[in-house]
Structures are given as C-alpha cells and as structure tokens.
Amino acid sequence: MMMLKHVACVCAFAVSCLEAAPSLQQQIDAMRGKPGAVLTLEPGSHRLPSGGLVFQGLEDVVIEGAGATLIATNPEAGALHVLGCRRVTFRGFTLDYDPLPFTQATVTAVDPASMSFEFRLHDGYPAMRERVVKDGQSVTLLPRIHLFEADAHRWKPGAPDYAASKIEKTGPRSGRATLTTDARGFSFIKEGDRIALTTLSGEAIRIGDGCADLVWEDVTVHAAPFVCFTLRSNENSGVYRRVKILPGPTPPGATQPRLISSNADGFNSAYARRGPTLEDCEFAFHGDDSVNLHGGLIPVVAWIDTTTCLAVLPFRNNRIDLLSRDGDAIRFMRAPDYRVETMRTIRSVERLDVDGSPYVARALAIWGPSGARPVAGSMSVFRIRLNAAVDPSLATEGLFVDLPALNAPGYVIRNNYFHDHRARGLRIMAGDGLIANNRFECIKQVAISIGPEYAFWREAGWVNNVTIEDNVIRDVAEGINTYGPSSYTLGTISLIGHPDRDSASMPFWAGNQNIIIRNNVIENTPIDGIHVPSSTGVMQTGNQLKNVSWLTEPERSEAGSDYGLKLAEPIALNP
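My aim in this report is to walk through the structure given alongside it, one point at a time.

Thresholds, definitions, all that
All residue numbers here refer to positions counted from 1 along the written sequence of the relevant chain. In keeping with the predicted nature of the model, local features appear solely for residues at pLDDT of at least 70, side-chain atom pairs appear and are counted solely at 80 or more, and the whole-chain, interface and lining totals rest on all residues. Each side-chain value is worked out from all heavy atoms of the structure, with water and hydrogens disregarded. In this text, helices come from DSSP runs of H or I with a minimum length of four residues, and strands from runs of E with a minimum of two, each type numbered from the N-terminal end. Our radius of gyration is a C-alpha quantity, and the globule rule it is checked against amounts to 2.2 Å times the number of residues to the power 0.38. The cut-offs for exposure are 20% and 50% of the maximum accessible area for each residue type, with area from a 1.4 Å probe on protein chains only; residues under the lower value are buried, those over the upper are exposed, and the others partly exposed. What makes two residues a contact is simply this: any of their non-hydrogen atoms within 4.5 Å. Each accessible area is a Shrake-Rupley result for a 1.4 Å probe, and residues are judged covered by the shown protein chains and nothing else. Only four residue types enter the charge count: Lys and Arg as positive, Asp and Glu as negative, with His and the chain ends excluded. Lys charges are placed at NZ, Arg charges at CZ, Asp charges at CG and Glu charges at CD. Basic side-chain nitrogens of Lys or Arg form a salt bridge, by our definition, when they fall within 4 Å of a carboxyl oxygen of Asp or Glu. Think of a nonpolar core as a cluster: buried Ala, Val, Leu, Ile, Met, Phe, Trp, Tyr and Cys residues, connected wherever their side-chain atoms sit within 4.5 Å. Strand pairing is assigned whenever DSSP detects at least two bridges linking the two strands. Comment: axis = line fitted to C-alpha atoms, over the contacting stretch for helices; angle = value between 0 and 180 degrees taken between N-to-C directions.

Some remarks on the overall build of the protein chain
Along its length, the protein chain carries five helices and 48 strands. Taken over C-alpha atoms, the radius of gyration comes to 24 Å for the protein chain, in line with the 25 Å a tight globule of 575 residues would show. Summarising its shape, the C-alpha atoms of the protein chain cover approximately 70 × 60 × 55 Å along the three principal directions. Looking at the protein chain as a whole, 58% of its 575 residues qualify as buried. At a minimum sequence separation of 6, the contacts of the protein chain that also span at least 24 residues come to 74%. Within the structure as shown, the protein chain displays about 21000 Å² of accessible surface, and the carbon and sulfur contribution to it stands at 50%. Taken as two groups, the 55 positive and 63 negative side-chain charges of the protein chain have centres that lie 2 Å from each other.

So, the pattern of salt bridges
Counting across every chain of the model gives 39 salt bridges. Across the salt bridge formed by Asp 193 and Lys 156, the nearest N and O atoms sit 2.6 Å from each other. Taken together, the residues span a long stretch of sequence, with Asp 193 in the loop between helix H2 (183–186) and strand E17 (194–198) and Lys 156 in the loop between strand E14 (144–148) and strand E15 (162–171) at a distance of 37 residues. Pair check on accessibility: Asp 193 and Lys 156 agree, each one buried. For Arg 427, the salt bridge is made with Glu 453, and the minimal N-O distance between the two is 3.2 Å. Separated by 26 residues along the polypeptide, Arg 427 in strand E36 (residues 426–428) and Glu 453 in the loop between strand E39 (448–450) and strand E40 (464–469) bring together distant segments of the chain. In this structure Arg 427 comes out as buried when scored by relative accessible area, which is 5%.

Overview of the environment of Glu 555
When you line up the elements, Glu 555 lands in helix H5 (residues 555–558). For Glu 555, a relative accessible area of 19% gives the class buried. With near-sequence residues (within four places) excluded, Glu 555 lies in contact with Arg 184 and Tyr 483.

Let's talk about the nonpolar core
Most often, soluble globular proteins keep nonpolar side chains buried together rather than apart. Among the nonpolar cores identified, the biggest contains 85 residues, and Trp 216 and Phe 229 are the most heavily contacted of them. Phe 229 has contacts with Ile 205, Ile 207, Trp 216, Val 221, Tyr 240, Val 243, Ile 245, Gly 266, Phe 267 and Asn 268, leaving out every residue within four places of it along the chain.

Notes on the pairing of strand E18 (residues 205–208)
As judged from the four bridges shared by strand E7 (residues 80–83) and E18, these two strands associate in the parallel manner. When the bridges of E18 are listed, Leu 80 appears paired with Ile 205. Bridge analysis of E18 against strand E21 (residues 229–234) gives four bridges, and the strand direction is parallel. Bridge pairing links Arg 206 to Thr 230 in E21.

Details of the sheet that holds E7
With respect to topology, eleven strands assemble into an open sheet ordered E4-E7-E18-E21-E24-E27-E36-E39-E42-E45-E48, the strand pairing being parallel. One side of each edge strand has no neighbouring strand; the edge strands of this open sheet are strand E4 (53–56) and strand E48 (571–573). Strand-to-strand twist of the sheet, defined as the mean angle between neighbouring strand axes without regard to direction, takes the value 10°. Relative to strand E42 (residues 491–495), E39 runs parallel, the two being bridged by three bridges. The residue bridging Ser 449 from the neighbouring strand is Ser 494, located in E42.

Considering the side chain of Thr 489
Checked against the element boundaries, Thr 489 lands in the loop between strand E41 (472–476) and E42. Assessed through its relative accessible area of 5%, Thr 489 is described here as buried. If near-sequence neighbours (up to four positions away) are discounted, Thr 489 is found in contact with Arg 424, Val 446, Ser 449, Thr 482, Ser 494, Ile 496 and Ile 527.

What follows is the structure, encoded as structure tokens:
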C-alpha cells in the first residue's frame, strides 16, 4: 500500500499486495493539483496493473519509494508512464518485471552447416514468447540473441550481434535457432555457451508530453521490454542521480543468474530543449546503447513558398510544434553527405490536422529500413514558417531539416559507470555538452560516438561544442562487427557523420565542430583510441593510450572500407 501525505484525501487501510495495485493509481491521481504532496510507498513489493501506472499532469510533488519494489506484470508493456509532469521527484524504489520480458538458455548443440544451434531454456525463466497470427496458428517471436560466455557474466568477446531468421520449438523448454550471420560470426557459438533471447516491445519508463524538471534519485531498474527510460517531446530531460539499470535477482527456481537488464537502450531522449544531467549512475547489460541523445532528420515534402515548407515525421508523439520557439535555428541538408546547404531561423512550427496519406510512400522510402514504419494515421505533417526566405533554387524536393535546439543539447554526463552491454556507451547527436569522469568497460561497440546518424535511423544531428574529459575507457570494441566493412565508428571515441553509403570514395562533410577531447585514459582495444573524421575545430590533449589499434590483417584493411574509412593510428584526426 502507499500512504499519501499532505493531500486533503488521505487513504490508509490494510489490503493485500494484489488488491493494492488499483489504489496506487488512485492515490497518484489524487496528487494532481496539490503541489507539495508526498506519496510514500509502503515497504515490500507492489504488483502493477497490466497497463502500468500513469503519472499525468503532476506538479511539485514527490514519489517517495522508501525502498519498495514495483513489479510490472505485462512483459510486453511499459510500467511507468510520466506525461506532462513538472518538478516531480521520483526517489528510492526498484522497478522489475514478473514475468520477465526476456528468457535465457544454454547452447546444447551446434550445426555450422545450417547456421543453427539447439538450446535449452534455463529453469525459472519464461518460455519462448509466441503469438497467434491467424487460423489458430502461433509463431515464435523472432528474438535478438545475445551470446554470453559459459562460465562468466559477460558478452562473449569477439562475437558479433545475432538475429534469428527462424526459431523452432523442439520441446516444452528447448528449441533450435537458425541465424542470419556468416560462418565467421557463427564460429563463436560453442556448446555450453549461454544466450539471452529478447524481443522489443514496451518501454519500461516513458516520459513525454512536455515534461520538465523531473528528478530521479536512487532508483534501480532490473528489466525493460525495450528501452528502459524513453523520453520524447519534453521541455528538458531531467536530472538522474544514482540511478542504476542492472540485472535483477535470480528468479525463484532458477540456478543461473540473469544475463541482461533492458532489452534495448538504457536511456534514450529525443526532441527536448535540454538534455539530461546524469551523475553517479550505473548502466549495464543492455541489449543496445547505454545513453542515446538525438533529434530527428525531417524530410521536406513540399514548399508553399520560399518561407514556408511542409515536413513530416513518422510518429505522432514527436511534437516539434510544441517545443520549437521563434528564432530557433533550422539546418537545411541534402543527401547523400548531409552537408548544411543553408541555415535560417524559424518563425513558427504548426502540426496540421491533415491526412498523411500523400506522404506515406516517400516516408517509407526514407524510414523503411530503420523499422520506423510510417502509416497515414501515425504520421505528423508540420508547416514550418521561416523568418527569412531561402534561395528559390533550394526550395525543391529532396531537402532535409533538423532543429538543433530540440536535439537534447546542454547535457551533463558525469561520474557514471557504463559497462557490459551490446552497443555503444554513449551515442550522442546533441551539442553543448559535457562528458566527464565516466568509466566505460567491456562494451561490444565503442565507448563514445559523437555525431549524426542521418542514414538508416535518421537521427539528428551535427554536433557543436562538446567537452570529453577525464574518462577511463577499457576493453571496448569487443564485437567483430565494430570493425567490419560497414563500420563508421573506428575509435573508442569516434566523431562521426553517418551519411548515405553512396560510395567508398565519397568524402565526408565536416559537420561536427568545436570538440575538446582531453585527459582521457584509453586501454585495450583493437581499434583507434580516438578517430575523428567529419569534424573541424577538434582539440585533443593529454590523452593516455595503451594497447590500442592493434587489429591485424585482413580485418584491419576491411574496417570501415564501405565508407572509405580506415584504421590509422592511436589518435587519428581527419583520417
């Protein structure tokens, strides 16, 4: 049960854990319009309703966890939905899932000829998730597969990322996976290795609809069906102190520890006027990046005149109209290298209540490969008015825009520990930031990636004015895909501009500017310590590197070859 203090209607009565779930929502709702209210959780575990808890329109209140644990009960849905809240503090609780949103197993047999292996699920972990498609037939959801060592809690060094083309059940607790990989990648899989099998569904904690000045302190999250913290369309991303995203306790009846925490990113914030402050946090064992900050690459689909254009985004919750301000900068770019053709300031951005059908085909052509599958009902059409006209020669189809003020700028990421996960430590597409005194260890891809993902994910943008200092980076870039031909991050600290892959000889446009990289310690990585294409005004000084850029042939020549990049030396500026 929760006790609500400093609110006119106070409810305190004895109920069972199962009966308490509805009352939690009622007491949260009772805080609306009551600044100064404190909601204190009773000790113990609280099972949440299937749809989770909704915190909507709260201002100047505190959710005091007092050491309690919230248990989400739907492994495909979010747990906490924080919408339109301001100056709310969430403190001192743990969030977990039961059933878990993933399962795990041990490899029992390997067949290189068919690129398949057999596995047996660990006791105490969920069965493979299935879904009825039609005519009563069910299919096993195709999971991402994460390969761990047999007797150590870490991703298997060298192993690439794995996805299943087919999963077959061979028994109630056993199966066979056929993979989409090459023989070299498959060769890492051995009998006795452990795997985690994940799908991607709901975010554990979703923050949106204009939230501002939220504070999260001493909160631990043990599982997430997709991203752990997802933030979209907020005034700012908030403050996070001593937040942990780590695997939870061993389930009842299990003898194997949990292998992962969130199925995807730990923290992902987009479309915010200010980025997060992350201090003294620990994020580990994610299925994707630890932290991702970005905006959107927005295609222009029509021009009304040289001061007014129409642009589209594939999701209704990307509310650039609510966040933009008169005078915000707007960058106009064109594929394939996304050089900035011109910059203007906006006068207004308005979301139009119109059918997006005329733009679906173009949107699918732009976002289709990334999995952002726009349909007419989900698309937002924006009318963007400029304070000054563009040259008539630019007012044509094929332009893209991004809004740097909405890319989560002004962040502070300091004194954190990022370790043991599949992708990158920090994937930053936002400017005016500080990344200081963090520790990065045992990561399959790179520690810090700075710059836009304009191709594929269509995430903005070019980055200015970032300081990266006093960080310690050890044992990263452990997956062979990190230095494959299609890699564009060839340093543990990489300044990138991910363009369309037009040709290996296409030059990179230097869009990142004024980056300081100083006094970092980088050890034990096969790739460059610092790799800086696509950038100008980069200062590096005082960095200490040991046992880096040791990759040998033929992998060394293959690394980045699709983009015309190459491994160069421990510190490679504009290679």
